[in-house]
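# Secondary and tertiary structure notes
Here is what each chain is made of, one letter per residue.
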Amino acid sequence: MNFSELGLAPELLRAVAEKGYDTPTPIQAKAIPAVLSGRDVLAGAQTGTGKTAGFVLPLLQKLDSAQGRAPRVLVLSPTRELTAQIAENARVYGRYKNLRTLVIFGGVSERPQIDGLRQGCDLLIATPGRLLDLVEQKVCDLSAVRHLVLDEADRMLDMGFIHAIRRIIRLLPAERQNLMFSATYSDDIRDLAARMLRNPVTVEVASRNTTAERVEQVAFKVPKEHKRHLLVHLFESGAAGEGAWHQALVFTRTKHGANRLAQQLEAAGIRAAAIHGNKSQAARVRALSDFKDGKIAALVATEVASRGLDIKELPQVVNYELPNVPEDYVHRIGRTARAGATGRAVSLVSADEAGLLRDIERTMRQSVPVLATPAFKIVESRPAATAGTAARGEVNRPNASPGNRAGSAPRRAGHGGRPGSRSHH
Ligand code: AMP
């Protein structure tokens, strides 16, 4: 199958060819004709499957060319990053079409967004909260929307956007096409789909395990307070004979934890940056581009910030802390092995996380092999002033019981106050 068999117009085929795609991904092969036919669509697909082009391409075709001021396509997405990436896709695929794409998300000034709305757009890609703010200020007119997309609907519900979504939907014309994408199907998602979609075509590209199956997953058991030392070792020597890591996305549970780990990695000589919701948009964009350009080796991210990050051929994902929700594990490891590539996901599992690992394995119906923890050094960096001269410590005995884990490793003088005094909160 190639793109020209999907019913797409020549100017879209040209943009797709220039982007370097020759074969549609399974979701594209199914979703594109369904969207072109005007039907509602319910698609079970995660990021990494090519779902964005699956809805952006046919919608660009349906819009034809620029018209009026009010948007005719509304895409709701959970995060700024995903919103920006969808818009970027729309611009790239729509480069030979005369259409205007506008992005709206929170955390940045409203002014340029309001100006953009006044100038007019054909596609509006938005996070629900900011969109609703602007609608309430009467600067955003949704009365012309003919196509609604809920992207990563499950994540939007997890983030508490259900009320905003319902209110936005009530403002839309009843006569419209609805597309819903979700990686998982909770009861809430089914309920929303039942209310929103009319006789939808359901597109299920493989089970949600598929990404998981292409990712080589391993776990190492390690005491919480030694995780950062093991991580430094993995960056320097690799996890399973693959050599030093040049690029890894590392997940922490909290924003604070992300900041602290990024600092600790830097102190150990590994270029790192943190990306999370408290960072300014400019800082997030910079961190992501530095990471993509290879200027930093470790991008330390929280769950929400990671959604929709599109980084080509990301070789390693690290679960520095396991997520509480098993589905989040699937989303996280979906950051690697994208678009057919394979990748590795390494989980650092402390004793208190054993139950979380079991839940994850049950959800995926797949076990995560626990490998022998490699020997790694405990290297305590000195306080900031002399951070460059890390004191070399003792080689960790992988199987040392957690009780005497710090046995002969240098102990930090005092505690509290300094970053790194706790590995988790
Ligand atoms: P998505 O799931 O939409 O985030 O897309 C995941 C990645 O796959 C992105 O890097 C896309 O640029 C890429 N991609 C999308 N469609 C194709 C295709 N047909 N062939 C190769 N790569 C693709």
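For the structure itself, consult the block above.
Residues numbered from 1 in each chain as written. Predicted model: local features only at pLDDT ≥ 70, side-chain atom pairs only at ≥ 80, totals over all residues.

## What about the overall build of the protein chain?
- In terms of helices and strands, the protein chain carries 16 helices and 14 strands.
- Out of the 425 residues belonging to the protein chain, those deemed buried represent 49%.
- The contacts of the protein chain with a sequence gap of at least 6 include a subset with a gap of at least 24, amounting to 73%. (Helix = DSSP H or I, 4+ residues; strand = E, 2+ residues; numbered from the N terminus. Buried ≥ 20, exposed ≤ 12 C-beta atoms within 10 Å, placed from the backbone. Contact = placed C-beta atoms within 7 Å.)

## Structural notes on the sheet that holds strand β5 (residues 147–150)
- Taken in spatial order, the seven strands of this open sheet run β3-β4-β2-β5-β6-β1-β7, and their pairing is parallel. On the outer flanks of this sheet lie β3 (101–104) and β7 (201–204), each paired with one strand and no other. Strand-to-strand twist in this sheet, taken as the mean axis angle between neighbours without regard to direction, amounts to 15°.
- Sheet topology places strand β2 (residues 73–76) next to β5; four bridges connect them, and they run parallel. (Pairing = 2+ DSSP bridges. Axes fitted to C-alpha atoms, helices over the stretch in contact; angles between N-to-C directions.)

## What about unusual backbone geometry?
- In the Ramachandran plot, K138 falls in the positive-phi region, its phi being about 65° despite a non-glycine side chain.
- By the secondary structure assignment, K138 is in the loop between α6 (128–136) and β5.
- The backbone of N199 sits at a positive phi, close to 45°, despite the residue not being glycine.
- The topology assignment puts N199 in the loop between α9 (187–196) and β7.
- Owing to 6 C-beta atoms within 10 Å, N199 belongs among the exposed residues under this scheme.

## Some details on the pairing of β2
- The two faces of β2 match: V73 and V75 on one face and L74 and L76 on the other face are all buried.
- Bridge analysis of β2 against strand β4 (residues 123–126) gives four bridges, and the strand direction is parallel. Opposite L74, over in β4, you have L124 as the bridge partner.

## Comments concerning the packing of helix α2 (residues 26–36) against helix α3 (residues 51–63)
- Axis separation between α2 and α3 bottoms out at 8 Å; the angle between their running directions is 25°. By the angle class used here, α2 and α3 are roughly parallel. Judged by the sense of rotation from one axis to the other, the crossing of α2 with α3 is right-handed. Listed contacts from α3 to I27, Q28, A31, I32, V35 and L36 of α2 are K51, A53, G54, F55, L57, P58, L59 and Q61.
- Each residue belonging to the contact of α2 with α3 can be placed in one class, and the counts come to 10 nonpolar, three polar and one charged. (Parallel < 35°, antiparallel > 145°, perpendicular 65-115°, else oblique. Left-handed = near helix turned anticlockwise from the far one by under 90°. Nonpolar A, V, L, I, M, F, W, Y, C, P; charged D, E, K, R; others polar.)

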